[in-house]
Each structure stands twice: as structure tokens, then as C-alpha cells.
Amino acid sequence: MLTSSPVRSFTMNKTKVYLIDAYLDNDNTQSLHELRLNDTMSLIRTLGYELEEYHPFRLNKIENATYLNKGALDIVKDEIDVIGDDNLKVVLTFDASASQIKNLTNYLGREVIDRVELIVSIFSMHAKSKEAKIQVELAKISYRLSSLVQSDLDYEQDTSSGRGYTATRGVGEKQIALDRRLLAQKRDNLLRQLRQIKSNREARRRKRIDSIYPIVSLVGYTNAGKSSLMNALLKLSKKEKKNVTVENKLFTTLDTSTRLIEIKGFPSFILIDTVGIVESLPIELVKAFRSTYEEALNSHLLINVLDISSHFYEEQKISAEKMIKELHIEHLPLIHCYNKIDQFYGNFPLDSGENDIFISTFNEEDIFALLRLISANITKDYPFVSLLLPYHIPYYKFERFAEVKKAIMRENGIYIEAKLNPALVHVFKSYLLSLDGHDIN
Ligand SMILES: Nc1nc2c(ncn2[C@@H]2O[C@H](COP(=O)(O)OP(=O)(O)OP(=O)(O)O)[C@@H](O)[C@H]2O)c(=O)[nH]1
Ligand SMILES: [Mg+2]
């Protein structure tokens, strides 16, 4: 007699998740809480887990030992028992301390995972380059170290609350000190390796900066469409066609990619695709990936890509701006690129400014509109020149460094009015007719 195929049941056997969403009764940041919940669900999906049950709890206060009170925990325990899956994981939408997670694990008898751990697991899954792998390791270790500090504090609290100093505590304390030393050694070793990679990259970057192309960086929330936008620009670009990975998952990009965008009729620029962010990305993770963002620190222009089809695009915009401030690059010119308008059915924000643009990466006309905006930003402070370019100088050699306003074929060359990259003015000096309105004899 045939029963169900074991292979099939194996492949369909996804890890099931019970999600606890706890928030404070007086929480006045309701939308941020919803964004976190939404993010956690996407993190679960990205990991390929299946959401079996979700239970929201509105709390009056946070319990020191277990975050939730006993009543709530008993409800969770009952519901978990009903599901009856030994491999079920309990996921938290909130950031619990290491000891709270330990106590919850003991109480519920299931693995308990918080957001940070989900993010780190995704990072591990997506890290491809040596640098990304080291950064993920570093993130894990930094996070573990911070939990050990927390454990130390817990011990201190135990003693001060009169629960006594026991022999076990002495052993535990020694173990923590040992763990901390080992982890710190590993961390220093990883940091050394990263510094090495970074110094190689520094050299490459300096070479790029010495080259006269402006640098534009794509930043913003994960899954907003940064890499898709890079690919859309690459599609129009003359030479470089090497696409980057796009997926409907969180943290697809874990390495910065750099490409030269050379499109006819527009000044060429170097485009950098960066690692996406989520709301309140823990500081240890941000720090571990800091060197990745450092690429963007030398940009001439930032493009904050936003997913306008998300209910939370305004919160995502605030999160991205917070990150831009943390990286101390808020002085750089910034375009807000509201993406995925093909999936947006509301009203566009009324207070949109001249550096706000609404696009779909699937629409070529939109990409050209964005290119015009990028070009206007890049060339904003370029000098205005007029010149007569002889026919033996290829036009594209001029065009790739300028925003051309007028180009007329004349008998002895092309008459051009344009904003020209100041670093190139001396190259075309002998053909200049005027510079910033002053005639050149
Ligand atoms: N409907 C729609 N989907 C889009 C658009 N642009 C990108 N997407 C989709 O959005 C998802 C995420 O795109 P990515 O380009 O990987 O996003 P990202 O910002 O690079 O994400 P991370 O690398 O994770 O930070 C993919 O499924 C894309 O196909 C768009 O204009 N409209
Ligand atoms: Mg990406």
C-alpha cells in the first residue's frame, strides 16, 4: 500500500513559527510598532519559515525577568501545546535582553529568537564575499559580547537583591570572563582582517575619486528597490552591463556594488548600491557593516530609495534619514526616490519638493526622469561654458562630463552650451568661448 511520499513531506516541512508581538499600552509610536511587526513577518518569510500563529499582547509594564507577565506566558504556552510541534520556534517582535530570552526559553520549552537573531541568520545566508562573511561574524560576536555584559549586570542585580553569592555564581562568573576574553580575541582578529580588506578597498576608492566621475549612492530601506534601480540604469548604460542581484526578500544586498553608469545625453557617474536597513537596526549590526557604508561616505549625491507601495513608507523614510545622520552624511545632496508607483493607489505626498521623484523601476521613462534629476544635482555647481568643439574631438568625450543645454552643428565644429565638470575645464580650454558668462579670447 502506498502512503505519502517521505521526500515530499520532507521538502514541505518548513520550520513553523509562533510570533509574540508585545507592545506597551501607552506606546505613542504605534506606527513604528506596526512597522516592526511588518518587518519581523518579512524576516520570517525571508528565512523560509512559516508563520503558524501570531499573538499580540498589549502590556501595562515590562516584566524584568520575562518581559511578558505570567498570564500572557501561560496563554502562549497553552497555544504552543495545542500546535504540538517540537521544532516550533518562538519569535519576538521586540528586543528582549539575553537573560529575558533565556528565561522565556526555559518557561516555554521552545527556542526563542528575537529580531536581531533573525537578521543575523539572514545576513549569514546572504553573505557571499569574504568581507560580508567577516562582517556577519563580527556582528554575531559583537552582539554576543553585549549579551555577556548584560549577563554580568544580571549577576550584579542578583547579588544586590540579596539572592546571595554562591559557589555556582563564582564558576559562572569565571566562565563569562573566559567567554568574553575568547570572543574579544576573535573580534580583534576579524577587525584586523577587515582593516586589511578595507585598506585594499581604500586604494581602489582613491583611484576612483582621483578619477573625475561624480559618485552617487543608493541608500534606504531593505527591499525598496535599490538594486533594481541600479540594474535599470545599467540596462541603459553603454558599456557596463554586469547586473546585481534583485529579490523580493530582506537584505538581499550585503556587499556594496560599484558600477560606472554611462548613458548617452547625460553626465557619467559612479553608482554605488549599499546594504539596506530596517527600523532600529541594532547598533552592533550597524557598526559591523559600517565599512560597507563607508563607500557611500564619499558620495557627491545620495538617493534614498523608498517603497511607496508599503503602508510604512513614511516611517521607512524617517529610518533612512536617521541612518544618514548617524553616518554624518546629512550635508550631502539627497534625492528622495519614491519607487514602485505601479503598485501605489493612494495620493502622492502633497508637500513633495524639487528633489522628490516618483518612479517605477520597470518604467524606462521614469528612469530617464530620474537621470535628469541626478544630472541636475551633479552639475548644480558646475561652471556654465560655451565652446566650439572641433569635429576631430569625439563629442561623447565632452558629453560624459557635462550637462549639455544646447548643441548645434556648425561648419568648423559643434557649438555647445553646457555645464561642465570643473576638473575638465582645462582639458577643453583651447575650445572655450565663454566661462560663466565671461568671454574667453
Ligand atoms: N512593483 C514593483 N516592484 C519593484 C519595483 N522595483 C523593485 N521591485 C521589486 O522589489 C523587490 C526588491 O527589489 P531589490 O532591488 O532587490 O531591493 P533592494 O532595495 O536592493 O533590497 P535589499 O538589497 O534587500 O536592501 C524585488 O522583488 C523587485 O522586483 C517597482 O518599481 N515596482
Ligand atoms: Mg539590493
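Here the structure is a predicted model, which means the values were calculated and not measured. (Residues numbered from 1 in each chain as written. Chains lettered and ligands numbered in written order. Predicted model: local features only at pLDDT ≥ 70, side-chain atom pairs only at ≥ 80, totals over all residues.)

The next point concerns the nonpolar core. Buried together is how nonpolar side chains tend to be arranged in soluble globular proteins. Grouped together as the largest cluster of nonpolar side chains are 81 residues, with contacts concentrated most on Phe269 and Leu271. Per-element accounting of this core gives the leading share, seven residues, to helix H6 (residues 130-160). What Phe269 contacts, discounting residues up to four positions off in sequence, is Tyr213, Pro214, Ile215, Val216, Ile261, Ile374 and Ile378. Counting ten residues, the second largest nonpolar core, distinct from the first, contains Leu387, Leu389, Ala418 and Leu420. (Core = buried A, V, L, I, M, F, W, Y, C linked by C-beta atoms within 7 Å. Buried ≥ 20, exposed ≤ 12 C-beta atoms within 10 Å, placed from the backbone. Helix = DSSP H or I, 4+ residues; strand = E, 2+ residues; numbered from the N terminus. Contact = placed C-beta atoms within 7 Å.)

Here the focus is the site of ligand 1. Neighbouring residues of ligand 1: 23 residues in total, closest Gly225, Ser227, Asn248, Thr253 and Gly276. Broken down by element, the residue count for the shell around ligand 1 peaks at three residues, all from helix H8 (residues 226-236). (Near = placed C-beta within 6 Å.)

Under the 1.5 Å per step criterion, the end-to-end length of helix H12 (residues 364-378) is 21 Å for 15 residues, consistent within 8% with the ideal 21 Å. Of all the positions in H12, only Asp366, Leu370, Ile374, Ser375, Asn377 and Ile378 are classed as buried. Lining the buried residues of H12 we find strand E5 (215-220), strand E7 (269-273), strand E8 (301-307), strand E9 (334-339), strand E10 (356-358) and strand E12 (402-410). (Expected span 1.5 Å × (residues − 1).)

With that settled, consider unusual backbone geometry. Here the phi dihedral of Tyr67 falls at roughly 70°; this positive angle occurs in a residue that is not glycine. As for its placement among the helices and strands, Tyr67 is situated in the loop between strand E2 (50-59) and helix H3 (70-83). Of note in this structure, Lys340 is not a glycine but carries a positive phi near 65°. With respect to the element layout, Lys340 can be found in the loop between E9 and E10. With 22 C-beta atoms counted inside 10 Å, the residue Lys340 sits in the buried group.

The next thing to look at is the confidence of the model for the protein chain. A residue-level look at the protein chain finds 86% of positions with pLDDT of 70 or above and a mean pLDDT of 84. For residues 1-11, every residue scores under 50 in pLDDT, and the model assigns this stretch one contact once sequence neighbours within four places are set aside. Within the model, the stretch residues 155-167 combines pLDDT values under 50 with four contacts to residues more than four positions away or in other chains. (pLDDT = per-residue confidence, 0-100.)

When strand E11 (residues 384-389) meets strand E14 (residues 432-435), the two strands line up antiparallel, connected through three bridges. The residue of E14 that forms the bridge with Ser386 is Ser434. In this sheet, strand E15 (residues 438-439) lies alongside E14 in antiparallel orientation, the contact comprising two bridges. Note that in E15 the partner of Ser434 across the bridge is Asp439. The hairpin turn running from E14 into E15, its antiparallel successor, is two residues long, and Asp436 in that turn takes a positive phi close to 50°. (Pairing = 2+ DSSP bridges.)

Helix H5 (residues 115-126) packs onto helix H2 (residues 30-46) with a crossing angle of 40° between their chain directions and a minimal axis gap of 10 Å. As for the relative orientation of H2 and H5, their crossing is left-handed in sense. Only Arg115, Leu118, Ile119 and Ile122 of H5 make contact with H2, whose side of the interface consists of Thr40, Leu43, Ile44 and Thr46. (Axes fitted to C-alpha atoms, helices over the stretch in contact; angles between N-to-C directions. Left-handed = near helix turned anticlockwise from the far one by under 90°.)

Taken together, five strands build an open sheet; the order of strands is E12-E13-E11-E14-E15 and the sheet is antiparallel. The outermost strands of the open sheet, each flanked by one partner alone, are E12 and E15.

Attention shifts here to the pairing of strand E13 (residues 413-420). Every other side chain in a regular strand lies on the same face of the sheet, so the side chains alternate between the two faces. Here six bridges tie E11 to E13, and the two strands are oriented antiparallel to one another. Residue pairing for E13: Leu388 is matched across the bridge by Tyr415. One ladder, built from eight bridges, connects E12 with E13; its direction is antiparallel. The residue of E13 that forms the bridge with Ala407 is Ile416. Taking the residues that link successive antiparallel strands as the turn, the E12-E13 hairpin has two residues.

Attention shifts here to the sheet that holds E7. Reading across the sheet, the six strands line up as E6-E7-E5-E8-E9-E10 and stay open at both edges, with mixed pairing between neighbours. Only two strands of the sheet have a single partner each, and these edge strands are strand E6 (257-261) and E10. Between one strand axis and the next, the sheet turns through 25° on average, direction left out of account. Note: E5 against E8, five bridges, orientation parallel. Bridge pairing links Val219 to Asn304 in E8. Contacting E5, E6, E7, E8 and E9, H8 runs over the sheet at an angle of about 150° to E7. Where helix H11 (residues 313-326) meets the sheet, it contacts E5, E8 and E9, and its direction lies at approximately 155° from that of E8.

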